[in-house]
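The lines below spell out each chain.
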Amino acid sequence: MMYSHLSVAVPALDELDNMPILIEQLRRQTYREFSLYVCVNQPDAWWQGSPEQQRVCQANASTIDILHGISDMDVHIVDRSSEGKGWTPKRQGVGWARKEIFGQIMEDNPSGNELIVSLDADTAFGCDYFQQVVDSMNKAPEACALAVPYYHPLSGIDFTDRAMLRYECYMRHYLIHLLEIHNPYAFSALGSAMVFPLWAYRRVGGITPLQGGEDFYLMQKFCKTGKIALHADAVVYPQGRISHRVPFGTGPAIASQLDVQSQKYPFFSPEGFDRVAQTYAMLPDLYEYDQDTPMTHFMQQQMKTADLWGPLRKNFKTRDRFVNACQERLDGLRILQFLKLFPMGEEFFAPFLDARQIPHAEELSFANSAIADLDQVRQSLYALELRLRAEHDA
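On a predicted model such as this, the values are computed, not experimentally measured, just so you know.

## Considering helix 14 (residues 332–339)
Taken residue by residue, helix 14 has Gly 332, Arg 334, Ile 335, Phe 338 and Leu 339 as its buried positions. With its buried residues spanning 160° around the axis, helix 14 presents them on a single face. Of the residues that open helix 14, the one with a side-chain oxygen 3.2 Å from the backbone nitrogen of Leu 333 is Asp 331.

Right, here's the structure in full:
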């Protein structure tokens with residue numbers, strides 16, 4: 001299957017300053033076969049809310065005016081901002097914005113061979129970005145999604161950069177571990193770094209519009225129904241800005257003190273990843289007979305049953321289908337929960353670097369080390385991750 005047209009999906013809440021920059025990046029794309037879908041959104045009650053909330057409403061109105069004025073691109077506005085059209089209390093947030101954009105794309109392309117490029121308004125990308133993601137997906141036509149590599153630029157603000165570098169090191173530490181044990185749930189989920197075909201989105205039943213983490217759960221759905229590609233020449237550069245719009249993710253992480261980050265986004269013990277790898281290696285044998293795996297007791301508690309595998313044997317009559325069913329049960333969320341049963345802390349980060357021969361300061365500290373030293377560690381992790389991504393897709 002070859003892809004020839006893109007639908008670019010962008011949620012926009014208070015993005016008036018970023019919108020002209022985004023539009024200019026779109027105009028510079030060497031690949032021109034795309035349509036732009038923007039969901040301008042905020043709660044409807046904000047029109048009668050605080051002065052700051054009313055300011056956001058007016059900024060969103062100006063954003064809509066900018067989009068209406070574009071004549072050199074195919075632009076579709078999903079208006080969840082104008083008075084009377086904003087979110088109701090039970091339906092609001094970036095998850096709902098993405099859901100409505102993707103739904104509009106589906107409605108406009110009932111049978112089209114469409115590739116959806118999910119972006120955020122504050123994300124930077126090169127002029128060849130669209131060409132690169134099309135090339136990547138055309139090289140892997142069986143892939144049901146592409147998790148695009150990402151890299152947060154430094155802001156020059158000490159507090160923000162320390163928090164961003166720690167969060168990015170946490171994400172890369174986690175993904176590198178999963179890639180090294182060849183786990184099928186080895187992917188990073190950023191709403192600004194997802195690409196997927198419309199057929200795959202339809203097949204998984206769409207996105208679950210959560211207040212946060214909707215990108216993770218969507219990518220996990222793709223993972224359960226096919227392969228997620230990880231390697232691409234394309235890179236996105238999300239803005240590492242403080243945000244409280246969602247309960248977790250880059251924005252809240254950067255807003256957090258480092259001690260709060262260490263609790264919410266911990267460096268996990270390698271023992272936990274080893275136990276996950278051991279469990280996955282035992283899945284083929286479980287088709288023949290029950291045996292205790294490192295994750296058995298944990299999963300029995302999670303599933304509230306002592307018989308984890310018997311029902312799967314009855315329902316899936318080949319070893320491959322049984323193993324796939326087990327992997328669906330032992331998914332990315334369960335892996336993360338399981339890892340939290342093991343020791344966690346900053347003390348696991350330097351040994352992780354040493355084991356991979358990544359240079360670092362003798363007393364590495366996200367609170368006290370020079371930003372340049374922390375950034376050099378980040379760059380080394382980024383290079384290692386890119387190599388592992390390429391090996392994953394080879």
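## Some details on the packing of aromatic side chains
For the structure on display, the rule yields 25 aromatic pairs. Here Tyr 167 and Tyr 265 contribute two aromatic rings whose centre-to-centre distance is 5.0 Å and whose plane-to-plane angle is 75°, an arrangement assigned as edge-to-face. On the criterion of sequence distance, the pair formed by Tyr 167 in helix 5 (residues 158–180) and Tyr 265 in the loop between helix 9 (258–264) and helix 10 (270–286) is long-range, its members being 98 residues apart. Accessibility assignment for this pair places Tyr 167 and Tyr 265 in one class, buried. Grouped by ring-pair contacts, the aromatic residues Phe 34, Phe 125, Tyr 129 and Phe 130 constitute a single cluster. Directly above the aromatic system of Phe 366 lies the positively charged group of Arg 166, at a separation of 6.0 Å from the ring centroid. The ring centre of Tyr 151 lies 3.8 Å from the NZ or CZ of Arg 378, which sits over that ring.

## Brief notes about the pairing of strand 6 (residues 143–147)
A regular strand carries its side chains on alternate faces of the sheet. The element strand 6 is largely enclosed, with a buried count of 5 among its 5 residues. Note that strand 6 and strand 8 (residues 227–229) share 3 bridges and pair parallel. Bridged to Ala 145 within strand 8 is Ile 228. By the bridge criterion, 2 bridges tie strand 6 to strand 7 (residues 194–197) in an arrangement that is antiparallel.

## Considering the packing of helix 10 against helix 14
For any two helices packed against each other, the geometry is given by the interaxial angle and the distance between the axes. Contact geometry of helix 10 with helix 14 gives a least axis separation of 9 Å together with a crossing angle of 135°. Classified by the angle between their axes, helix 10 and helix 14 sit oblique to one another. Regarding helix 10 and helix 14, the two cross each other, and that crossing is right-handed. Of the residues in helix 14, those in contact with Gly 272, Phe 273, Arg 275, Val 276 and Tyr 280 of helix 10 are Ile 335, Phe 338 and Leu 339. Tallied by class, the residues present in the contact of helix 10 with helix 14 amount to 6 nonpolar, 1 polar and 1 charged.

## Some words on the side chain of Ser 369
Within the fold, Ser 369 resides in the loop between helix 15 (349–355) and helix 16 (371–393). Here Ser 369 is in contact with Arg 162, Glu 363, Leu 364 and Leu 374, once residues within four sequence places are set aside.

## Some thoughts on the nonpolar core
A general tendency of soluble globular proteins is for nonpolar side chains to be buried together. Counting residues in hydrophobic clusters, the biggest one holds 117 residues, and the most contacted among them are Tyr 129, Phe 130 and Phe 222. The dominant element in this core, judged by the number of residues it contributes, is helix 5, at 11 residues.

## Description of the sheet that holds strand 4 (residues 114–118)
Taken in spatial order, the 7 strands make up an open sheet running 3-2-1-4-7-6-8, and their pairing is mixed. Each having just a single partner strand, strand 3 (74–80) and strand 8 make up the two edges of the open sheet. For this sheet, the mean angle separating the axes of adjacent strands, direction not counted, is 20°. When strand 4 meets strand 7, the two strands line up antiparallel, connected through 4 bridges.

## Description of the pattern of salt bridges
Inspection of the entire model under this criterion finds 22 salt bridges. Lys 227 is paired through a salt bridge with Glu 142; the nearest N and O atoms lie 4.0 Å apart. Taken together, the residues Lys 227 in strand 8 and Glu 142 in the loop between helix 4 (129–139) and strand 6 connect sequence positions 85 residues apart. For Glu 288, the salt bridge goes to Arg 319, with nearest N and O atoms at 2.6 Å.

## Observations concerning helix 3 (residues 94–108)
Here helix 3 contains 15 residues, and its C-alpha end-to-end distance of 21 Å stays within 8% of the 21 Å for a straight helix at 1.5 Å per residue. Buried residues of helix 3: Gly 95, Trp 96, Ala 97, Arg 98, Ile 101, Phe 102 and Ile 105, and no others. Looking at the buried side of helix 3, the elements it contacts are strand 1 (5–12), strand 2 (34–41), strand 4, strand 7, helix 6 (198–203) and helix 7 (214–225).

## Considerations on unusual backbone geometry
Backbone geometry places Lys 304, a non-glycine residue, at a positive phi of 55°. Tracing the sequence through the fold places Lys 304 in the loop between helix 11 (296–303) and helix 12 (310–315). You can call Lys 304 exposed: its relative accessible area is 73%. Non-glycine residue Gln 357 carries a positive phi angle of around 55°. Structurally, the position occupied by Gln 357 is in the loop between helix 15 and helix 16.

Parameters at a glance
- Residues numbered from 1 in each chain as written.
- Predicted model: local features only at pLDDT ≥ 70, side-chain atom pairs only at ≥ 80, totals over all residues.
- Heavy atoms only, no water.
- Buried < 20%, exposed > 50% of the residue type's maximum accessible area, 1.4 Å probe, protein only.
- Helix = DSSP H or I, 4+ residues; strand = E, 2+ residues; numbered from the N terminus.
- Arc of directions from axis to C-beta.
- Polar contact = N/O pair within 3.5 Å; in protein donor to acceptor, adjacent residues only side chain to side chain.
- Phe/Tyr/Trp six-rings, centres within 6.5 Å; stacked < 30°, edge-to-face > 60°.
- Lys NZ or Arg CZ within 6 Å of the ring centre and 35° of its normal.
- Pairing = 2+ DSSP bridges.
- Axes fitted to C-alpha atoms, helices over the stretch in contact; angles between N-to-C directions.
- Parallel < 35°, antiparallel > 145°, perpendicular 65-115°, else oblique.
- Left-handed = near helix turned anticlockwise from the far one by under 90°.
- Contact = heavy atoms within 4.5 Å.
- Nonpolar A, V, L, I, M, F, W, Y, C, P; charged D, E, K, R; others polar.
- Core = buried A, V, L, I, M, F, W, Y, C linked by side-chain atoms within 4.5 Å.
- Salt bridge = Lys/Arg side-chain N within 4 Å of Asp/Glu carboxyl O.
- Expected span 1.5 Å × (residues − 1).

Such coordinate-based values are descriptive only and should not be taken to indicate function.
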